[in-house]
Amino acid sequence: MAVPRFDFAHVPVTFAAYFNEQLRGWEALFPAEQAYFERLGTYLEKAPPAMFASLAELEPRMGVTPQTWPRGRFTLQQVDFLNRNALYPEWRRVITQIFDQINPVLDGEIAAKGQPRLVMVIAPADLPVGPDRMWTRLKGRGRRVSLAVPDDLSQYVPLAITGKPVPDLAGSLLDLCAAARGPYSAWSVETGEALAGCARKATQLSYEKLSAYRQRLMEEVQKIAEKGEVRGPRQLGEKLKTLQPRDAEYSRDPVMSEFVRATLLAGNGTLLVNNTFVEWATVQAIRRAKPSLVVANFGIRNKVKPFSSLLIFEDQDKATAIPTQADMLGSYVDLEIFYQYVFQEAGKYVEYRNNTAYLFLAEGMDEMHLIAPPDFPLSAGERAPLTAIYRAAREWLRLS
Amino acid sequence: MRTRDFLKLAGLSIASRILPASVMSLWAQAAEAQAKGRKVILVTFGGGVRTSETFSPEGLHNIPRLAKLQHDGFFYQTCQNQGVLSHFNSTASIVTGNWQRVDDFGFEAPASATVFEQFRKAHKAGPLDAWVIATNKSFAAMGSSAQREFGAPYGANVILPKQLLLDAVKDIVKKPSAANLSDRDAVHRRLETILQEGYESVGWTIFKGSRQMDKHVQSTLTRALGEFINGPEAPSSGDELTYFITREVMREFSPRLMLVNFWDMDVAHWGSYSLYLQAVTRTDRLTGMLWDEIQANPKYKDQTTLLILPELGRDGDQNTANGFLNHRSGDPSCRNTWLLALGAGVTKGATDKPIRHVDVAATAAAMLDLKPEGLAGQPAREILV
């Protein structure tokens, strides 16, 4: 899709700057984002000036002038200008009010074309709690479902995703969805590589598989920090924009290449903590690509070692001779809040409202938590084998 | 205004007209003596912590020490950060009494005078009487402002223990020898070397006529480092070192005004809720230990007021960004924190009346018998006796 052009002369400059910034990175946007900005731009072109009256009145009071905010330009200085402005909270309020007027119109267009979606979140085995404490933040929503699980844990993920104890790509939910609705419609995000063997055509991200790229980024960040060339995270982010992944699987796709880079560098601890990577990448995928199917597979995070926790961009294994240990309890506490965040994120977008089934699974656990519309095809009662979960998901997504 | 308050104010205002000069002079002397003895320590839960993980019914178990101490002091349920939600500007607002909008990462000094400068200038206090001990390594410029009539000559000593530790650890990691981070002696040796050779490179500001660090200061810090490194438990936290250094500074120099900035809980940015909660509990423990030290130290006991507050909250779980990981939304979870006042002059109680970050410096100034002008903040009357 070519970069669209819009006439925003009537739109206040601090609002227009945000939009123009999105257009500048047009090639790196997912189709769902491009479609959204097309709709937004078309709407804004025709929007009555009254919609922006509060912002137009506020900008001069904030000190916004053609000198401080040349139209069509958006710089880090302008970001700082906003953040440090005494009227910043009011500016945010006004922007929110404007979007409160825009969103119902744009959402209405999307809701009319709604389709079933599914978010599957898999917790690792070995978490030190039972089903009663596994999803406490989701209590009051959905129901627990009794499961019959295989004795061999290695079969758990393939059964849930492909319906077979050994991965069967022909039946892969991820591949079937990608084949039907495009590669960005089905995502797997994981700490390890269990999901990697369950799909070929879907969009796949693995913290483990990105190891070489993560290490390179950490070294670069360390170098830049040591040279003292940057003042803060925003400047660092600008400097690191050129450090795209070299791994063959992403370098051919500029959209994913930029997504991976941005996820690792703008997502706080995503470079350092496996589960943070999975959470943030999942949240970003939902927010940006709006996939029909997302499978997030969390893992166990390592314990923080004495002293080495201070050196966040060093290789922790090299920095200390103390053996690496898994932090089961810490991982449980981390994940419990991440389940909530993933669930909430999807609920923010019209694409997911009222038509999304959320399946919270835990490897080896004989229960799962299900939040789904009433017509999700999984009946209550008997212990369901994982193949029944698989079939219900496939039917729900209408993947024949 | 309530009648009693009015009478109190009126009584004070007419006292100088009706009382004999000799009585007035005695009052003034007593006030001065009290002011000389009064000490104020500001403790910030730096990095940001939400009320939901601290003084909420479900958060109290994360802060067992403060939960108990709450009943011995005066508790403000709401302390608002109405300024820029970055670490440096938040803390700079707390210590200046004016909302600061300078560089977010500490490359600029606060724009208005800090309470340290006000204190040292007004009371002609010495360079060892005001300290900033901060885990946040970008706080090197927190001790003094860019104000021409104040500035470094009246500023606080600033020490950044975590930066010291970082430099030592980095140096050891880079050496290809067998020494690594599990070797406490190696870390200790390196820390001592940094103290002797290049403390300025780690961002400290120790006020002395020459660039040489005061020998007394150096030996005090070296001893604290030794105790830290060789302590019974493997130390893993910058905040633990901050506490040890603070304790040694108190024992050796008895400063009257200090800012102690704990910062481990900023690990929340890594996206680990459990590490964040651990840091909150550690900060609670260290703050409790600081209170114990005040009680055990005769130079502090009964004459010290401790003001404890988060420098900011963190985004709420419903927030669009990513909940507890960040603090940029400006939502109530991010802006509304709390303040606990303990110690000298503080009566037991609590209020839901909001106080603001800028009121902290104004309150500390009043406690130290200062009358700074041009503050946005107002003294918190509830804790001024």
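Cut-offs applied
Residues numbered from 1 in each chain as written. Chains lettered and ligands numbered in written order. Predicted model: local features only at pLDDT ≥ 70, side-chain atom pairs only at ≥ 80, totals over all residues. Helix = DSSP H or I, 4+ residues; strand = E, 2+ residues; numbered from the N terminus. Buried ≥ 20, exposed ≤ 12 C-beta atoms within 10 Å, placed from the backbone. Contact = placed C-beta atoms within 7 Å. Core = buried A, V, L, I, M, F, W, Y, C linked by C-beta atoms within 7 Å. Domains from an automatic or database assignment. Nonpolar A, V, L, I, M, F, W, Y, C, P; charged D, E, K, R; others polar. Axes fitted to C-alpha atoms, helices over the stretch in contact; angles between N-to-C directions. Parallel < 35°, antiparallel > 145°, perpendicular 65-115°, else oblique. Pairing = 2+ DSSP bridges.

Helix and strand counts for chain B come out as twelve helices and nine strands. In chain B, which comprises 385 residues, the proportion classed as buried is 54%. Sequence separation of at least 24 residues holds for 69% of the intrachain contacts in chain B that already meet a minimum separation of 6.

As a further point, take the nonpolar core. One finds Leu-174 and Leu-359 of chain A to be the most contacted residues of the largest nonpolar core, which totals 194 residues. Among the elements that make up this core, the one with the highest residue count is helix H10 (residues 273–296) of chain B (ten residues). Once residues lying within four places of it in the same chain are set aside, the contact partners of Leu-359 of chain A are Leu-118, Met-120, Met-368, Leu-370, Ile-389 and Ala-393 of chain A. Counting residues in each nonpolar core, the second largest holds twelve residues, with Val-11, Val-13, Phe-52 and Val-64 of chain A among its members.

Once that is clear, we can look at the domain arrangement of chain A. All names here are of chain A. Assigned domains of chain A: these are domain 1 (13–111) and domain 2 (117–396). For domain 1 versus domain 2, the separation of C-alpha centres amounts to 31 Å. For the side of domain 1 that touches domain 2, the secondary-structure elements that each account for two or more residues are helix H2 (31–46), helix H4 (76–84) and helix H5 (88–111). Among the residues forming the side of domain 1 that touches domain 2, the class breakdown is eight nonpolar, no polar and three charged.

In a pair of packed helices, the angle between the axes and the distance between the axes together describe the arrangement. Two elements in contact, helix H15 (residues 328–347) of chain A and H10 of chain B, have axes separated by 7 Å at closest approach and are oriented at 110 degrees. Considering their axes alone, H15 of chain A and H10 of chain B lie roughly perpendicular with respect to each other. Contacts between H15 of chain A and H10 of chain B involve Gly-330, Val-333, Asp-334 and Ile-337 of chain A on the former and, on the latter, Tyr-273, Ser-274, Leu-275 and Leu-277 of chain B. The residue inventory of the contact of H15 of chain A with H10 of chain B, partitioned by class, reads five nonpolar, two polar and one charged.

Attention now moves to unusual backbone geometry. Residues and elements named next belong to chain B. Although it is not a glycine, Ser-254 sits at a positive phi angle of roughly 45 degrees. Position of Ser-254 relative to the elements: it lies in the loop between helix H9 (238–253) and strand E5 (257–262). Of note, the phi angle at Asp-369 is positive, near 60 degrees, even though the residue is not glycine. Following the sequence through the fold, Asp-369 ends up in the segment after helix H12 (357–367). Overall, the presence of 15 C-beta atoms within 10 Å leaves Asp-369 in the partly exposed class.

Buried within helix H5 (residues 115–123) of chain B are the following residues: Val-115, Phe-116, Glu-117, Gln-118, Phe-119 and Arg-120 of chain B. Backbone geometry just after H5 of chain B places Lys-124 of chain B at a positive phi near 50 degrees.

The next thing to look at is the sheet that holds strand E3 (residues 186–190) of chain A. One key point about sheets: their strands pair by backbone hydrogen bonds, in either a parallel or an antiparallel sense. All names here are of chain A. Across the sheet, which stays open at both edges, the eight strands sit in the order E4-E3-E5-E1-E8-E9-E2-E10 with mixed pairing between neighbours. Only two strands of the sheet have a single partner each, and these edge strands are strand E4 (203–206) and strand E10 (384–385). Sheet topology note: the strand E2 (residues 143–148)/E10 ladder contains two bridges and is parallel. Looking across to E10, one finds that Ala-148 is bridged to Pro-385. In this fold helix H13 (residues 274–288) packs onto E3, E4 and strand E5 (293–297), with an angle of close to 165 degrees to the strand it touches most, E3.

With that settled, the discussion passes to the pairing of strand E1 (residues 117–123) of chain A. Residues and elements named next belong to chain A. Counted residue by residue, E1 has seven buried out of seven residues, so it is predominantly covered. Burial along E1 is two-sided: Arg-117, Val-119, Val-121 and Ala-123 and Leu-118, Met-120 and Ile-122, pointing in opposite directions, are all buried. Here seven bridges tie E1 to strand E8 (residues 356–362), and the two strands are oriented parallel to one another. Residue Val-121 lies in a different strand from E8, and its bridge partner there is Phe-360.

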